[in-house]
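Okay, here's what each chain looks like letter by letter:
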Amino acid sequence: MAKYQNPVVRGCYPDPSVCRRGEWFYLVNSSFEFFPGVPISRSKNLVEWEHIGYCIDREEQLQLSPTLRQSASGIFAPSIRCKDDTFYMVVTNVTEEEKDNGNFYVWTKDPAGAWSDPIFLGTEGIDPSFFFDDDGNDYYIGTSNHQIYICTLDLKEQKITGKRTVIWEGTGGSYPEGPHIYKKSGWYYLLISEGGTERSHMITMARSKQIEGPYEACPYNPVLTNRSLLRPIESVGHADLVEDLNGNWWAVCLGTRTFSYPPKHNLGRETMLVPVNWENDWPVFGNHGSLDQEIETDCLPAKYTYCEKKQDYYCDFTSEKLDQSWNCLYTPQHSFYKTGDGTLQLFGDEHSLCDMAGYAWLGVRQCEHNTKASVELEFKPMAQEEAGLTIFMNHKHHYEAALVLQDGTTKLILRRQIGSLYRIEQEIAVPNDKVTLELESDLDNYTFYYRLEDGKRKLLGKGETVYLTTEVGGSFTGNYIALYAMGNGKNCSSPAKFSNFTYKEI
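Quick caveat: nothing in here was measured; it's all calculated off a predicted structure.

*Asks:* Please clarify how empty space enclosed by the protein should be interpreted in this entry.
*Replies:* A probe matching the size of a water molecule, rolled over the atoms, marks out where space remains unfilled. One pass over the structure, following the stated rule, counts two cavities of 30 Å³ or more. Here the second largest cavity defines a volume of roughly 40 Å³. Residue composition of the lining of the second largest cavity, grouped by class: four nonpolar, four polar and one charged.

*Asks:* Before we go on, may I ask you to explain the environment of Tyr220 in this structure?
*Replies:* As for its position among the elements, Tyr220 is in the loop between strand S19 (216-217) and strand S20 (233-243). Taking the C-alpha atoms as reference points, Tyr220 and Asp240, separated by 20 residues in sequence, lie 18 Å from one another. Aside from chain neighbours lying at most four places away, what touches Tyr220 is Glu279, Trp282, Pro283 and Val284. Within polar-contact distance, the side chain of Tyr220 engages the backbone oxygen of Pro283 at 2.9 Å.

*Asks:* Hey, could you run me through the pattern of salt bridges in this one?
*Replies:* Inspection of every chain in the model, using the stated rule, returns 31 salt bridges. With its nearest N and O atoms 3.6 Å apart, the salt bridge here joins Arg58 to Glu60. The exposed category is assigned to Glu60, whose relative accessible area is 60%. In this structure, Arg457 and Glu438 form a salt bridge, with 2.6 Å as the shortest nitrogen-oxygen distance. Of the two residues, Arg457 is situated in strand S37 (residues 457-464) and Glu438 in strand S35 (residues 434-441); the sequence distance between them amounts to 19 residues. By relative accessible area, which is 36% here, Arg457 ends up partly exposed. For Glu438, a relative accessible area of 10% translates into the label buried. Here the residues in one salt-bridge network are Arg10, Arg257, Glu270, Glu368 and Glu505, joined through shared partners.

*Asks:* Please explain the packing of aromatic side chains as it appears in this structure.
*Replies:* Two aromatic rings are characterised by how far apart their centres lie and by the angle between their planes. Across all of its chains, the model carries 26 aromatic pairs by this definition. Taking 4.9 Å as the distance between ring centres and 65° as the angle between the ring planes, the aromatic pair formed by Tyr189 and Trp278 counts as edge-to-face. Of this pair, Tyr189 sits in strand S17 (residues 187-194) while Trp278 sits in strand S22 (residues 270-279); the two residues are 89 residues apart in sequence, bridging distant segments of the chain. Given a relative accessible area of 21%, Trp278 falls into the partly exposed group. Geometry around Tyr306 places Lys3 over its ring, the cationic atom sitting 4.7 Å from the centre. Stacked on the ring of Trp24, the Lys or Arg Arg42 has its end atom at 4.3 Å from the ring centre.

*Asks:* What exactly am I supposed to notice about the pairing of strand S28 (residues 343-346) here?
*Replies:* Working note: regular strand, side chains alternate between the two faces of the sheet. Two strands pair when backbone bridges link them, and strand S27 (residues 337-340) and S28 are joined in this way by four bridges, in the antiparallel orientation. Paired with Tyr337 across the two strands is Leu346, which belongs to S28. The antiparallel pairing of S27 with S28 creates a hairpin that spans two residues between the two strands, and Asp341 there sits at a positive phi of about 60°. In this sheet, strand S39 (residues 496-505) lies alongside S28 in antiparallel orientation, the contact comprising three bridges. Along S39, the bridge assignment pairs Leu346 with Ala496.

*Asks:* Any chance you could explain the sheet that holds strand S7 (residues 74-83) here in plain terms?
*Replies:* Through backbone hydrogen bonds, the strands of a sheet pair up, either in parallel or in antiparallel fashion. Spatial ordering of the open sheet is given by S7-S8-S9-S10, a layout of four strands whose pairing is antiparallel. At either margin of the open sheet sits one strand with a lone partner, and together these are S7 and strand S10 (119-120). Bridge count between strand S8 (residues 86-94) and strand S9 (residues 102-108): seven bridges; the pairing is antiparallel. Paired with Tyr88 across the strands is Trp107, a residue of S9.

*Asks:* What am I meant to see in the nonpolar core here?
*Replies:* Nonpolar side chains tend toward joint burial in soluble globular proteins. Trp326, Leu346, Trp361, Leu483 and Phe501 are the most contacted members of the largest nonpolar core, which has 77 residues in total. Looking at this core element by element, the count peaks at seven residues for strand S38 (residues 480-486). Once residues lying within four places of it in the same chain are set aside, the contact partners of Trp361 are Phe34, Asn327, Cys328, Leu329, Phe336, Leu353, Thr390, Phe392, Tyr480, Ala482, Leu483 and Tyr484. Membership of the second largest hydrophobic core comes to 40 residues, among which are Phe25, Val47, Phe285 and Tyr304.

*Asks:* Just checking my understanding: could you explain the sheet that holds strand S31 (residues 386-394) for this structure?
*Replies:* In space, the six strands of this open sheet follow the order S29-S38-S31-S32-S33-S34, with antiparallel pairing throughout. On the outer flanks of this sheet lie strand S29 (361-365) and strand S34 (421-429), each paired with one strand and no other. Neighbouring strand axes in the sheet, compared pairwise and without regard to direction, differ in orientation by 20° on average. One ladder, built from five bridges, connects S29 with S38; its direction is antiparallel. Among the inter-strand pairings, Trp361 is bridged to a residue of S38, identified as Tyr484.

*Asks:* Please explain unusual backbone geometry as it appears in this structure.
*Replies:* Trans peptide bonds make up the majority, and among non-glycine residues the majority have a negative phi. With an omega dihedral of -5°, the bond running from Asn221 to Pro222 counts as a cis peptide bond. Within the fold, Pro222 resides in the loop between S19 and S20. The step from Tyr261 to Pro262 runs through a cis peptide bond, and the omega angle for that step is -10°. For Pro262, the location among the structural elements is in the loop between strand S21 (249-257) and S22. A positive phi is found at Asp127, a non-glycine position, where the angle reads about 55°. For Asp127, the location among the structural elements is in strand S11 (residues 126-132). The class for Asp127 is buried, based on a relative accessible area of 5%. A positive phi angle, near 50°, is found at Asn488, a position not held by glycine.

*Asks:* For this particular structure, what's the right way to read the layout of surface pockets?
*Replies:* Counted as a void, the largest pocket has a volume near 680 Å³. Contributing to the lining of the largest pocket are 26 residues, with Tyr13, Trp49, His51, Gln311 and Cys367 lying nearest its centre. Elements represented by at least two residues in the lining of the largest pocket include exactly strand S6 (50-56) and S29. The element that contributes the greatest number of residues to the lining of the largest pocket is S6, accounting for three residues. A per-class count over the lining of the largest pocket returns 12 nonpolar, five polar and nine charged.

Scoring rules and cut-offs
- Residues numbered from 1 in each chain as written.
- Predicted model: local features only at pLDDT ≥ 70, side-chain atom pairs only at ≥ 80, totals over all residues.
- Heavy atoms only, no water.
- 1 Å grid on protein atoms, 1.4 Å probe; cavity = no way out; pocket = protein on both sides within 12 Å on 5 of 7 lines; lining within 4 Å.
- Points joined across faces, edges and corners; volume = space filled by probe spheres on them.
- Nonpolar A, V, L, I, M, F, W, Y, C, P; charged D, E, K, R; others polar.
- Helix = DSSP H or I, 4+ residues; strand = E, 2+ residues; numbered from the N terminus.
- Contact = heavy atoms within 4.5 Å.
- Polar contact = N/O pair within 3.5 Å; in protein donor to acceptor, adjacent residues only side chain to side chain.
- Salt bridge = Lys/Arg side-chain N within 4 Å of Asp/Glu carboxyl O.
- Buried < 20%, exposed > 50% of the residue type's maximum accessible area, 1.4 Å probe, protein only.
- Phe/Tyr/Trp six-rings, centres within 6.5 Å; stacked < 30°, edge-to-face > 60°.
- Lys NZ or Arg CZ within 6 Å of the ring centre and 35° of its normal.
- Pairing = 2+ DSSP bridges.
- Core = buried A, V, L, I, M, F, W, Y, C linked by side-chain atoms within 4.5 Å.
- Axes fitted to C-alpha atoms, helices over the stretch in contact; angles between N-to-C directions.

This is the structure we're talking about:
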């Protein structure tokens, strides 16, 4: 028997979708306002995932733009499928701009390589998925007006060809969405999410002998949920099924690791793995329809040995290309950063950290509750300029340590913003525009430290973890540990230079 721990992909990796080609499984996740978009990973055993790239990684592919809803724009709910050795990723870009708005797909022969430019389909709603039937017909499944619909798809013509047919409205839960269709033993199975992506999230299923229905609901829906259960993982939903080479079935789904009371989460919605068995031509997910954090099974498709997960990371900025662990906000302008020769230079523009815009900001996901991060910073601020290290949920909820100019003196400040509440908590004079910034996190606090030229570690201050949680100030994303530079009204006169960034999980 093998034992593994959920989540299998930690940090802000929500809305998972999976497919298989040969012995390899491929996974994609939502990325919302962060660029590059749609991270893609691969695995042979479904537990250990290697991040191999992004489906959206070129500025000319897609424009991610801010909307009036913070942390609720950009890339929603991708789906990945493979046909004739070609991979297709279909997804929704949520934006208030006319350009690049709506549902599109990209394709590739090599999931770790370059993906095509987007092909927009002009379909309604969100959460699209493809289904390639064994009779040669291809289908598009979508969600609109709280209904699941289907229409035919022509991949050669790159367009929708058939009329839209509503096939199910779910079991009565709110927000029926995230549809996928599978075929097994002569049945078409329709899997969807209901209840919203919070505590009432759940997976329901229906089946039909014809792809356009009518569909009958599973007699024991929901087939997967942790609602109303005292489990370390909550909000379980938004799933996708895959069959391995041995004939065993699995589901990936999202869930949250919560803390405090009432429950809150700050790491985002993460990717979980669930064994699936079949009884009387209906699927049985996990522990009789619920998800455990620790699972024992003898059915993993490839060898796996249980070990404690730690994702320690060090970046020395010697390459002229940023490591794929880094994300920026919205589609970037490369003029705001330069890397190589052991430093990351950020060129701040007129924006401030509380603006909802693309600016000189680069972050990595916080993937565990107990972490340490540090970076060396050299920056000579002028006027209202600043640069520093931030723990960032969104533009209205963040804490940061930053170098600023006050009364003609360079100072290190600790600032917190919680919604409209905004305060500088601490000020320390810095003699030579150089400082090492450190950030520690646990379930109670984000704590900032600093080191000056004497090398002594000193406390700068702290902020409560609960105020940087989705339940307090977020929407669909988790926290990032980020480096930034801001002009707060005008372009910075000189770059902020960062070096020797480390991230460790405790």
